[in-house]
Amino acid sequence: MKEARGVEGVEVVDGMDSVEGGVGLTALLVAAARAIETHRHDTLARDVYAEHFVLAAPACADWPVRIHQVPDGDANPLWGRFARYFGLRTRVLDDFVLRSVHTGGARQVVLLGAGLDTRAYRLAWPPGCVVFEIDREGVLAFKHRVLDGLSAAPKAARVPVPVDLRADWVGALADAGFDPAAPSVWLAEGLLFYLPPDAETFLIDTVDRLSRPGSALAFEVKLEKDLLEYRDSPLYTSTARQIGIDLLRLFDRGTRPDSAGDLVAKGWSTSIHTPFDFTRHHGRGPLPEPNDALAGNRWVFANKPRP
Ligand code: SAM
């Protein structure tokens, strides 16, 4: 059981710190999707570590790590279309973060809700990069166990920051060595809709406060006013039925802040895309369909301009 001080002084008390319970399990869902993507003949993103997380967790003993292990293959809403969605998201954010460090010059990367993201191990980082990984302790401990077992070596300095993002996490990041005087790149991939609205506002305000000009941030939001609008969609129902993850129960259902708008008000430039924009760009990935749980998903790319 973890206890911490929440962003508004509310105590965060949560027994679901592990990767195999509550929202932690969603990190394994994304890892399984990346494993499947990795072995597609037309892969968008390769993550050779992803399948090892799935194989190491008893909670997903019967999950596939190759599309041929799925009886209905790509027609399966979860392991076909939804997994491809995660593959596309991985690729797009890989491209964003690499562009930001190589052409933008930032050398600090912060993965918010890092889960089983292995970018520190996979990507070609320029010399001097440090990757901070923020997630809850149980999730990061599982990740280390698996990666240590593989003798995996990161390609950048990697600093785990075990902290709950519903608490005030700034001190933990500072203690880990983050330098607000240097430009930074931030990713919140598949995270914000699990956080209470005030924790999202705190996160955006904090990223702005800790980002000097030249910094960049990418994050994902869901625009629908009522998340239950798509409760009967094939993505949600198949995820619940096949692997017991009820995403709508894990999402925070509070009224969302306008984080992209808030960043613009703070002087950042933003561009907002649907995932389908990138499907068309890459020539593969999910396209819109009726009763689509992805219809409201937007990927926001933000830059804090230099004077
Ligand atoms: N960003 C990773 C990726 O795309 O592979 C993980 C995405 S997973 C869907 C969501 C992650 O957010 C999980 O690893 C979960 O533990 C983390 N998370 C959710 N709520 C959190 C919180 N309050 N504090 C820290 N991490 C949190």
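Chemist: For this particular structure, what's the right way to read helix α1 (residues 24-38)?
Modeler: The periodicity of an α-helix, 3.6 residues per turn, causes residues three or four places apart in sequence to face the same way. Spanning 15 residues, α1 covers 22 Å between terminal C-alpha atoms, matching the ideal 21 Å at 1.5 Å per step. The element α1 is extensively covered by neighbouring structure, given that 15 of its 15 residues are classed as buried.

Chemist: Looking at this structure, I do not really get the sheet that holds strand β4 (residues 130-135). What am I missing?
Modeler: Two pairing modes exist for strands in a sheet, parallel and antiparallel, and in both the strands are linked by backbone hydrogen bonds. The strand order across the open sheet built from seven strands is β5-β4-β3-β6-β7-β9-β8, with neighbouring strands paired in mixed fashion. Pairing within the sheet leaves two strands with one partner each, and these edge strands are β5 (157-162) and β8 (269-273). The average angle at which neighbouring strand axes cross in this sheet is 15°, direction not considered. Examined bridge by bridge, β8 and strand β9 (residues 297-303) share five bridges and lie antiparallel to one another. In the strand pairing of β9, Ile272 is matched with Val300. Across the sheet, helix α3 (residues 77-102) is in contact with β3 (108-112), β6 (184-188), β7 (216-222) and β9; its angle to β9 comes to roughly 5°. Along the sheet, helix α7 (residues 197-210) contacts β3, β6 and β7; its crossing angle with β7, the most-contacted strand, is approximately 165°.

Chemist: How should I be thinking about the side chain of Thr90 in this particular structure?
Modeler: Within the secondary structure layout, Thr90 lies in helix α3. Ignoring anything within four residues of it in the chain, the contact list for Thr90 reads Arg34, Ala45, Arg119, Arg122 and Glu189.

Criteria and thresholds
- Residues numbered from 1 in each chain as written.
- Predicted model: local features only at pLDDT ≥ 70, side-chain atom pairs only at ≥ 80, totals over all residues.
- Heavy atoms only, no water.
- Helix = DSSP H or I, 4+ residues; strand = E, 2+ residues; numbered from the N terminus.
- Expected span 1.5 Å × (residues − 1).
- Buried < 20%, exposed > 50% of the residue type's maximum accessible area, 1.4 Å probe, protein only.
- Pairing = 2+ DSSP bridges.
- Axes fitted to C-alpha atoms, helices over the stretch in contact; angles between N-to-C directions.
- Contact = heavy atoms within 4.5 Å.

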